[in-house]
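Here are the chains, one letter per residue:
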Amino acid sequence: MAFKTEKFNSRIGLLLALVGSAVGLGNMWRFPYLLGSNGGAAFLLFYLVFVFILCLPIYLSEVYAGRKTRQNAFMAFNQISGNRTGRAMGGFFMISVFCTISFYIVVGGWIISYFVGSLRFNSLLSPESIDSFGTVVMGMENTPASTLICLGCTILFMVMTAAIINMGVVNGIERFSKITMPLLFFLILGIAVYSLTMPGSLEGVRYLFKPDFSKVNGSMLANALGQAFMSLSLGCGTVLTYSSYSHDKTNSVNLAVWTIILDTLFALISGLAIIPAVFAFGMAPGQGPELVFNTLPRVFSSMPGGQIIAIIFFFTLFIAAISSSISLMEPLVASLVSDKFSRTKAVIVVTVGVCLAGALCSLSFGPLSGVKVPGGTIFDMFNIAASNVFMVLGALGTVVLVGWFASKEDFAAVLSSEDGKYTRLLYILHFMVKWVAPAAILFIMVLGFINI
Ligand code: PHE
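Residues numbered from 1 in each chain as written. Predicted model: local features only at pLDDT ≥ 70, side-chain atom pairs only at ≥ 80, totals over all residues. Heavy atoms only, no water.

Colleague: Would you mind going over the overall build of the protein chain with me for this structure?
Modeller: Of regular secondary structure, the protein chain possesses 19 helices and 0 strands. A compact globule built from 452 residues would reach a C-alpha radius of gyration of about 22 Å, and the protein chain, at 21 Å, matches this within 12%. Considering the protein chain as a whole, with its 452 residues, one finds that 58% of them fall into the buried category. For the protein chain, the accessible area works out to roughly 17,200 Å², and carbon and sulfur atoms hold 69% of it. In the protein chain, which carries 25 positive and 18 negative side-chain charges, the distance between the mean positions of the two groups comes to 7 Å. (Helix = DSSP H or I, 4+ residues; strand = E, 2+ residues; numbered from the N terminus. Rg over C-alpha atoms; globule rule 2.2 N^0.38 Å. Buried < 20%, exposed > 50% of the residue type's maximum accessible area, 1.4 Å probe, protein only. Areas by Shrake-Rupley, 256 points an atom, 1.4 Å probe, with all protein chains shown as cover. Lys, Arg positive; Asp, Glu negative; His and termini not counted. Charge placed at Lys NZ, Arg CZ, Asp CG, Glu CD.)

Colleague: How do you make sense of the site of the ligand when you look at a structure like this?
Modeller: Near the ligand there are 16 residues, and of these Ala22, Leu25, Gly26, Tyr104 and Met230 occur at the shortest range. The contact in question runs from an oxygen atom of the ligand to an N or O atom on the backbone of Ala22, over 3.0 Å. Separating a nitrogen atom of the ligand from a backbone N or O atom of Ser231 is a distance of 3.1 Å. In the complex, 100% of the free accessible area of the ligand, which totals 320 Å², lies under the protein chains. Among the secondary structure elements, those contributing two or more residues to the shell around the ligand are helix H1 (11-22), helix H2 (25-37), helix H11 (218-231) and helix H15 (306-336). Class assignment for the residues of the shell around the ligand results in 7 nonpolar, 9 polar and no charged. (Near = heavy atom within 4 Å. Polar contact = N/O pair within 3.5 Å; in protein donor to acceptor, adjacent residues only side chain to side chain. Nonpolar A, V, L, I, M, F, W, Y, C, P; charged D, E, K, R; others polar.)

Colleague: Before we go on, may I ask you to explain the packing of helix H13 (residues 252-280) against helix H14 (residues 288-302) in this structure?
Modeller: When two helices pack together, you describe them by how their axes are tilted relative to each other and by the distance separating the axes. Closest axis-to-axis distance for the H13/H14 pair is 9 Å, and the angle between their directions is 55°. Classified by the angle between their axes, H13 and H14 sit oblique to one another. In the crossing of H13 with H14, the sense of the turn from one axis to the other is left-handed. Side by side, H13 and H14 meet where Ile274, Ile275, Ala277 and Val278 of the first sit next to Leu291, Thr295, Leu296 and Val299 of the second. Here the contact of H13 with H14 is composed, by residue class, of 7 nonpolar, 1 polar and no charged. (Axes fitted to C-alpha atoms, helices over the stretch in contact; angles between N-to-C directions. Parallel < 35°, antiparallel > 145°, perpendicular 65-115°, else oblique. Left-handed = near helix turned anticlockwise from the far one by under 90°. Contact = heavy atoms within 4.5 Å.)

Colleague: Help me understand the pattern of salt bridges in this model?
Modeller: Where charged atoms from two side chains of opposite charge approach closely, those side chains can pair. Under the defined criterion, the tally for this structure stands at 6 salt bridges. The salt bridge involving Lys68 is made with Asp410; its shortest N-O contact spans 3.1 Å. On the criterion of sequence distance, the pair formed by Lys68 in helix H3 (residues 41-69) and Asp410 in helix H18 (residues 408-415) is long-range, its members being 342 residues apart. Residue Lys215 pairs with Asp212 through a salt bridge whose shortest N-O separation is 3.7 Å. A relative accessible area of 26% places Asp212 in the partly exposed class. (Salt bridge = Lys/Arg side-chain N within 4 Å of Asp/Glu carboxyl O.)

Colleague: Would you take a moment to explain the packing of aromatic side chains for this structure?
Modeller: Given two aromatic rings, their pairing is described by the distance between the two centres and the angle made by the two planes. Counted by the stated rule, this structure contains 27 aromatic pairs. Here the aromatic rings of Phe103 and Tyr104 are separated by 6.3 Å at their centres, their planes lie at 55°, and the arrangement is tilted. A ring pair is formed by Phe157 and Phe318, whose centres lie 5.9 Å apart and whose planes are at 85°; its orientation type is edge-to-face. Of this pair, Phe157 sits in helix H8 (residues 144-166) while Phe318 is found in helix H15, placing the two residues 161 residues apart along the sequence. Note on Phe157: relative accessible area 0%, which makes it buried. Judged by relative accessible area, which is 17%, Phe318 ranks as buried. Every member of this aromatic cluster is reached through a ring pair, and the members are Trp29, Phe103, Tyr104, Trp110, Tyr114, Phe293, Phe300, Phe313, Phe314, Phe365 and Phe379. Lying over the aromatic face of Tyr427, Lys408 brings its terminal NZ or CZ to 5.1 Å of the ring centre. Above the ring of Trp404, the side-chain terminus of Lys434 is found at 4.4 Å from the ring centroid. (Phe/Tyr/Trp six-rings, centres within 6.5 Å; stacked < 30°, edge-to-face > 60°. Lys NZ or Arg CZ within 6 Å of the ring centre and 35° of its normal.)

Colleague: Before we go on, may I ask you to explain the side chain of Asn78 in this structure?
Modeller: Along the chain, the position of Asn78 falls in helix H4 (residues 76-81). Beyond its immediate stretch of four places on either side in the chain, Asn78 contacts Asn83, Gly86 and Arg87.

Colleague: Please clarify how unusual backbone geometry should be interpreted in this entry.
Modeller: Most peptide bonds adopt trans geometry, and most residues besides glycine take a negative phi value. The backbone of Arg70 shows a phi angle near 55°, a positive value even though the residue is not glycine. Its place among the elements puts Arg70 in the loop between H3 and H4. The residue Ser233 is not glycine, and still its phi comes out positive at about 60°. Topologically, Ser233 is positioned in the loop between H11 and helix H12 (238-243).

Just geometry here; none of it tells us what the structure is for.
In structure tokens form, the structure reads like this:
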């Protein structure tokens, strides 16, 4: 039974919410490093081919599922396939967003503590304390106080996410995205300009873009594809859920293309904001937590005006992370809401569940660091399971079900705007959804597995 839900007020609101979901830690801490260490422009070339040629049809198939059914991510494929495969797919999406948000809020918590730390620059982000506090998140320091700070901030980040979700689609998600996305763009652009004017920064630009085709191999391709899925929030029901709140007249092709362009632009500008500064201070860029929570604070502490930049940077990172986190929570909440179960109740249930899993992830940097599970620590397991397994399989399932259960005529009718624009293009995209995308995803998965 379809449950009546809110719709986004405007097209720009929907676009900015989708961009808010896409732009996140994937852009700011993963992409710059992947680009630099995987062959620079060679990686970028494959990445661009993946996002614009392979991910566009995949993206549109998630949009199709949301717009066609107007159901939540758990139920949508049930309606499309009319059999049990669809239900399994819904369950898959739920596991995927749950795993992702559980480790995402831990990093969100670190961002909060670093933001507060940068306000009190001298006590928390001085070179001496980076050595202790900065290593908290790297699991090298293990005091009860640091464990509690991380845990508390993880829960705080989740509660902030929940507060926005509880305000609803229009007053919460849409309003938040409309205010913060333009701000995010200017902030990251400002940091990039500052970073590029530092002496020695060109070395960083060279690191980012120098083409090295010898690095092209199976694992590089799998990395590029995994990054593309993660960055565009594909394969876990987020795009589907947001699209189910769109108006019928929204032109989905334009929407998807703009989301991909803006997401890629953000990733490139983030690279230019972060890596050149790191090189200007003669440091080596590390990946993920190490880059953002260890290397960068050192750069800030030796940079003129470093405190201001640190405050702006961690604030920027916070916005990017929380807008992604709300998009991870919404599919879970939307799937629980019904005539008998209010949004607020759903928000509470999801918050408690995610906080419990998030606490385990957070503690895996402290007292639970010795607990070894497949993939490494508990945090690693959630991270790897979500981005390397569930999202890729989620995307594969989406294209297979949409490709085989939706006719090309229906695909085009649901996705084009009222004037029937792009019908021919949508037929081609449907062909890609049905044949090319599943084959390409499988092929790259196998390549990555055997790594040739
Ligand atoms: N796209 C987000 C990022 O780049 C992560 C994300 C994945 C958000 C899946 C929602 C769904 O960080």
